[in-house]
Structures are given as structure tokens and as C-alpha cells.
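# Structural overview for review
Residue-level listing of the chains:
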Amino acid sequence: MKRVCARILLVSLLAITGVGEAGAQCILANPSFELGGSDGNVFGGWYQFGSVGYSANATHGAIAAKLTGPNTGDWDVSGYWQQFDCDAGEQFSASVKGWHTSTNPLTGGSQAIVNIEWRNPSGSLIDYESHTVADASTPVDEIVDFYVESQPAPSGTATTHFLLGVLQDPAD
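Procedures and definitions
Residues numbered from 1 in each chain as written. Predicted model: local features only at pLDDT ≥ 70, side-chain atom pairs only at ≥ 80, totals over all residues. Heavy atoms only, no water. Helix = DSSP H or I, 4+ residues; strand = E, 2+ residues; numbered from the N terminus. Buried < 20%, exposed > 50% of the residue type's maximum accessible area, 1.4 Å probe, protein only. Pairing = 2+ DSSP bridges. Axes fitted to C-alpha atoms, helices over the stretch in contact; angles between N-to-C directions. Salt bridge = Lys/Arg side-chain N within 4 Å of Asp/Glu carboxyl O.

## Some remarks on the environment of alanine 64
Secondary-structure assignment places alanine 64 in strand β4 (residues 64–68). Classification of alanine 64 by relative accessible area gives buried; the value is 0%. Between the alpha carbons of alanine 64 and tyrosine 54 there is a distance of 5.7 Å; along the sequence they are 10 residues apart.

Below you can see the structure in the form of C-alpha cells.
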């Protein structure tokens, strides 16, 4: 019998901005997850996949994004993402608040992640960066303030995907 486990990361996204821009502004749509979505999307402005939801346990505003492992028995990801136009050489900075709870902690090799994905004009993946926000060694019920500056976008980049996800270990 397959064990059904919840692996939770609650995220309040604060900003993603072009690096080096004076007075840069947040370029995300609905960065605090306050606007509900439509057509099956939990939040307005965000695409989603896997096991997604929301929580009133938020650090900014009234709602936070909630992600759990998809429980497929393989390495798998649940996530929310947005796409931005991007040229080769552009960089982004992102700030995220994330955590996992004592009632549904990350275990084994499971991780809460931020991915920055570089895509060509047809949408195919060129390259990506994956950054761990929290894992099994992260204290539970404690907010992690995470910040990252991306590498420059590679040659051929037309868009970037900014992804908030939970990577689930097949043993979890």
C-alpha cells in the first residue's frame, strides 16, 4: 500500500526584480497570493501543477501558497510558477519566506525549492538554477527568509520561469 504523506511548504513571495536596476520593483503578478484564481488555478497570476492549495498561516497578507508532495512514488514536484520575458544576460533577484510544519514536515530528501528556468522562444528549457529553501534539516515551524540572485540568462533566452516548488523524495 502506498503511504500518503503531506509535505508542506507555505510560501509568501515578496519580490523578484531585475538585478542592478535602480529602484527595481516587484515584477510578479499577485506576489502575496491575495487574489483568487479562476479556471482551476488557486491564485490569480500563477500557473500551478501537482498538489497545491493555500493556507491562512501567512507572513504577509492573509493567505500563503501551500504545496505538498504529489505522492507518485517517484521523484516528483508540485509547484506554482510565473513566466517573464527575458533577454540573454539578464539577472533576477528573488526573496521568499518559506517553512514546513511540525504536523507535516519535510523528510528524507524532500525539499522546498525555488527554480529559475531559462527558456528559448519555443518554450523549451535551456538551463535552470535550483535553490533549496528548506529541507528535512530545516527547523520546523520557523520561517526561513531566503534570498537569491540568479546567474545571467544564457544565450538564446526569450523567457524565464520563476517556480516555487516542493521536490518529493520517492521514499517519502
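## What to know about the sheet that holds strand β5 (residues 76–85)
The strand order β2-β5-β10-β7-β8 describes an open sheet built from 5 strands, whose pairing is antiparallel. Looking at which strands have only one partner, the edges of the open sheet turn out to be β2 (47–49) and β8 (125–135). For this sheet, the mean inter-axis angle between neighbouring strands, taken without regard to orientation, is 20°. Here β2 pairs with β5 via 3 bridges, running antiparallel.

## Structural notes on the pattern of salt bridges
Evaluated as defined, the whole model comprises 2 salt bridges. A salt bridge links lysine 97 to aspartate 145, with the nearest nitrogen and oxygen atoms 2.4 Å apart. Taken together, the residues span a long stretch of sequence, with lysine 97 in strand β6 (residues 92–99) and aspartate 145 in strand β9 (residues 144–149) at a distance of 48 residues. Taking relative accessible area as the criterion, lysine 97 reaches 21% and is therefore assigned partly exposed.

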